Amino acid sequence: MKRLSIIKQPVLSVLNVHLVDYPSPSNINYFWSFGSIAGICLIVQIATGIFLAMHYTPHVDLAFLSVEHIMRDVEGGWFLRYMHANGASMFFIVVYIHMFRGLYYGSYASPRELLWCIGVVILLLMIITAFIGYVLPWGQMSFWGATVITSLASAIPVVGDSIVTWLWGGFSVDNATLNRFFSLHYLLPFVIVGASVIHLAALHQYGSNNPLGTNSTVDKVGLYPYFYVKDLVAWVAFAIFFSVFIYFYPNVLGHPDNYIPANPMSTPAHIVPEWYFLWVYAILRSIPNKLAGVAAIALVFISLLALPFINTSPIRSSNFRPFHKKFFWLIVADTLLLSWIGQQPVEDPYILVGQCASVFFFIYFLIMVPFLGRFENYLIHYKTR
Amino acid sequence: MLRQLLSRAAPGWKLGAATLAAGTAGLAAAAGTALADEAEHGLHAPSYPWPHDGFFSSYDHRSIRRGYQVYTQVCATCHSMDLIHYRDLVGVCYTEEEAKEMALNIEVTDGPNDEGEMFERPGKLSDKLPAPYMNEEHARYANGGAYPPDLSLITKARHDGQNYVFSLLLGYREPPAGITVREGLYYNPYFPGGAIAMPKMLNDGGVEYDDGTPATEAQQAKDVVTFLSWAAEPEMDERKLMGTKWIAVLSLVFLTTVYYKRWKWAPLKSRRVIVDVVN
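Conventions used here
- Throughout this document, residue positions are counted from 1 along each chain, in the order its sequence is written.
- A letter from A marks each chain and a number from 1 marks each ligand, given out in the order of writing.
- pLDDT decides what is reported in this predicted model: residues at 70 or higher carry local features, side-chain atom pairs at 80 or more are listed and counted, and totals for whole chains, interfaces and linings draw on all residues regardless.
- Each side-chain value is derived from all of the structure's non-hydrogen atoms; neither hydrogens nor water enter the calculation.
- UniProt positions are given in the numbering used here, feature names are shortened, and annotations may be inferred rather than shown by experiment.
- Secondary structure elements follow DSSP: runs of H or I of four or more residues count as helices, runs of E of two or more count as strands, with numbering from the N terminus.
- Working definition: with a 1.4 Å probe on protein chains only, accessible area under 20% of the residue-type maximum means buried, over 50% means exposed, and in between means partly exposed.
- Should any heavy atoms of two residues lie within 4.5 Å, those residues are counted as being in contact.
- Only residues whose relative accessible area exceeds 30% and that form no salt bridge enter a patch; like-charged residues are grouped when within 9 Å of one another, and nonpolar side chains (Val, Leu, Ile, Met, Phe, Trp, Tyr) when within 5 Å.
- Residue exposure ignores everything except the shown protein chains as possible cover, and the areas themselves are Shrake-Rupley values with a 1.4 Å probe.
- Salt-bridge detection follows one rule: a side-chain nitrogen of Lys or Arg within 4 Å of a carboxyl oxygen of Asp or Glu.
- Once two parts are joined, some of their accessible surface, as seen by a 1.4 Å probe, is lost; buried area is that loss totalled over both.
- Here a polar contact is taken to be a pair of N or O atoms separated by no more than 3.5 Å, where protein atoms must pair a possible hydrogen donor with a possible acceptor and residues adjacent in sequence count only if both atoms sit in side chains.
- Gly is placed with the polar residues, together with every amino acid not listed as nonpolar (Ala, Val, Leu, Ile, Met, Phe, Trp, Tyr, Cys and Pro) or charged (Asp, Glu, Lys and Arg).

(A) Up close: the UniProt feature "binding site: heme c" (unreviewed entry) in chain B. Residues and elements named next belong to chain B. Taken from the UniProt record, the annotation "binding site: heme c" (unreviewed entry) applies to Cys75, Cys78, His79 and Met198. These annotated residues cover 124 residues of sequence, and their C-alpha atoms all fall within 10.7 Å of one another, placing them together at a single site. On the secondary structure map, Cys75 appears in the loop between helix H4 (61–73) and helix H5 (86–89). Residue classification places Cys75 among the buried positions, given a relative accessible area of 16%. Excluding anything up to four places from it in sequence, Cys75 contacts Val70, Leu151 and Val224. Positionally, Met198 belongs in the loop between strand S4 (195–196) and helix H9 (217–232). The contacts of Met198, once residues within four sequence positions are left out, are His79, Leu168, Leu169, Tyr172 and Tyr186.

(B) Highlighting a nonpolar patch on the surface. Residue and element names in this part refer to chain A. A cluster of nonpolar residues, Leu4, Ile6, Ile7, Val11, Leu12, Leu15, Leu19, Val20, Leu200, Tyr224 and Tyr228, forms a patch on the protein surface that exposes about 990 Å² of accessible area. Of all the elements in the fold, those that place two or more residues in the nonpolar patch are helix H1 (12–20) and helix H9 (223–248). The dominant element in the nonpolar patch, judged by the number of residues it contributes, is H1, at four residues. Mapped onto the elements of the fold, Leu19 is located in helix H1.

(C) Region of the structure containing the UniProt feature "domain: Cytochrome c" (unreviewed entry) in chain B. As recorded in UniProt, the feature "domain: Cytochrome c" (unreviewed entry) lies at residues 62–169 of chain B. End-to-end, the C-alpha atoms of residues 62–169 of chain B are 20 Å apart, and along that stretch the chain is 38% helix and 7% strand.

(D) Expanded view of the interface of chain A and chain B. Taken together, the contact between chain A and chain B spans 57 residues of the former and 54 residues of the latter. Where chain A abuts chain B, roughly 4700 Å² becomes buried across the two surfaces, and 72% of that area is made up of carbon and sulfur atoms. For chain A, the biggest contributors to the area lost against chain B are Arg72, Phe248 and Trp329 of chain A; these three give 16% of the whole. Applying the counting rule to chain A against chain B returns two salt bridges. Remark: the boundary between chain A and chain B carries eleven residue pairs in polar contact (both at pLDDT 80 or more). For the side of chain A that touches chain B, the elements supplying multiple residues, two or more each, are helix H3 (63–72), helix H4 (77–104), H9 and helix H12 (322–341) of chain A. Ranked by residue count, the leading element in the side of chain A that touches chain B is H9 of chain A, at 16 residues. Residues belonging to the side of chain A that touches chain B are distributed by class as follows: 40 nonpolar, nine polar and eight charged.

(E) Region of the structure containing the pattern of salt bridges. In this structure the tally under the stated criterion is 18 salt bridges over all chains. In this structure, Arg321 of chain A and Glu376 of chain A form a salt bridge, with 2.8 Å as the shortest nitrogen-oxygen distance. One end of the pair, Arg321 of chain A, is in the loop between helix H11 (290–310) and H12; the other, Glu376 of chain A, is in helix H13 (residues 350–384), and 55 residues separate them in sequence. Residue class for Glu376 of chain A comes out buried when judged on its relative accessible area of 9%. Here Asp110 of chain B and Arg121 of chain B are joined by a salt bridge, their closest N and O atoms 2.6 Å apart. Remark: Arg121 of chain B occurs in strand S2 (residues 119–122) and Asp110 of chain B occurs in strand S1 (residues 107–110); sequence separation between them is eleven residues. Look at the salt bridges and you will find they share partners, linking Asp60, Arg66, Asp211, Lys222 and Asp223 of chain B into a network.

Structure below.
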């Protein structure tokens, strides 16, 4: 009788093909670990979130107190909550590095267009999930952040105000809003899980890109053991980084105003979103017109989605694209600059700097990406002619 | 060949690191400039060396106990601490017997009883610290329209909370020339706007400590801030201890994984690839 082989069984064989024996380029560096770290972040957020939901109460009178109940009375509750709250920040740090890696090495370029676009969809879902999650503790920033951001929909002509009322479930951010946000905050992570599976499926259609950006079929090694042991190093390093925040600086990434219970009668001096939204918030604020600001945010995501289709470079890796490499670091610096501008008051010189940084953001994606590919290509042919 | 290509890429990473460093410095500078407008946001408090602030430091529990005495003898006349129960003090700054006895001294409205009536009873460990006012309206009425905030989370609910509260408590002075403060308000440069409804509350000898520590104004401020820090983050001692152990263990695990990775990758790293043309 033939011996039973586990890896030839249904389901298990699929897992084996994609998660164990999967051939990966031998030369991918530690920046490729951020994909699996992002997966870990998602699992951590869902696991801690499920336990937090067992103790949390989505009601305007009780939400703030139930969070403090978790912090003080639930065994290990502070650990769960600090892990969840800081986990959101970690998730964004990891995903931003993951995306910049894709940008640097041209991982979005043909034939991986769909892979990149699904990634952008995941980013959008993450932003929505994180935003409504921040509303749940029902502190001052929760309430006023929710009010400001949902009000953006009112910029849409004709139906804008109706959409805002529909989002709120009433005529102001209130109990109905909190309830639906809690419901959606529980739902959306599972949508992200689904999108991540599609992301992985799209990745495995053509396999990982690599630091050379070339076809790596000549030299691939098994995901197991090589990239399990390599990613393990990255996972543990990430766990240490994450732990420093949870155990020693649990509130450094948050805003003190969110430890004041929500009060619709008192507006905080400055309403600031979480740090990971500041770059896009800065772009929104750099335009004095509300509708145009919302359109600019839409354009950010349209630019990201369009990236693989307007890219003209036949070379993927920026290691071999001297001009793009400079612009890559400029867009990294530009994003950091926008994040800084996003937390400044709306006054000069921050307005002007923010506007310049916003313009550069779009110049990079909509002009430099298509232009530099052609330009560098031209230089290569000029030299060889 | 792969190595050569990768080493050629190195200068790019140096440029990148420089850009990143510049960007990070910019973000760090944000903390300094965010509160530049001190007239509007209040004078930024100086940074004091809190003994429990260090990576491996725990609270000074004697100071928490004295701070509790400052709170009950001074602050509690106007400020509630709704998140703190007598049971929370047990093992932190009082024994169970002491906490029970303190709880017995308060009257708590409980009920309804079998006859549907509310009744008064002595406090228990599970009771909250008594609130001075029935509700916000009552508090505002008694304080000329100002609402003394609940202090349970105050050091976490203000920017640089510990230093802010400490500076605020000791920051009362005569308004400088040219600044007039409305009747019923007091000049305090650390308070946003400079005029605060709370009068100067701490005075030398204004509190009696049960451990005989001389109750100077600054001593009271330091102790009450330590107590309030504990109230806002009662888990801090446990959290830091757990974190220290966890990160110590994880660091050893990290070294192990580095070794494990190098060991597993040794065959790949030491191979020689010969590109040859057949025929």
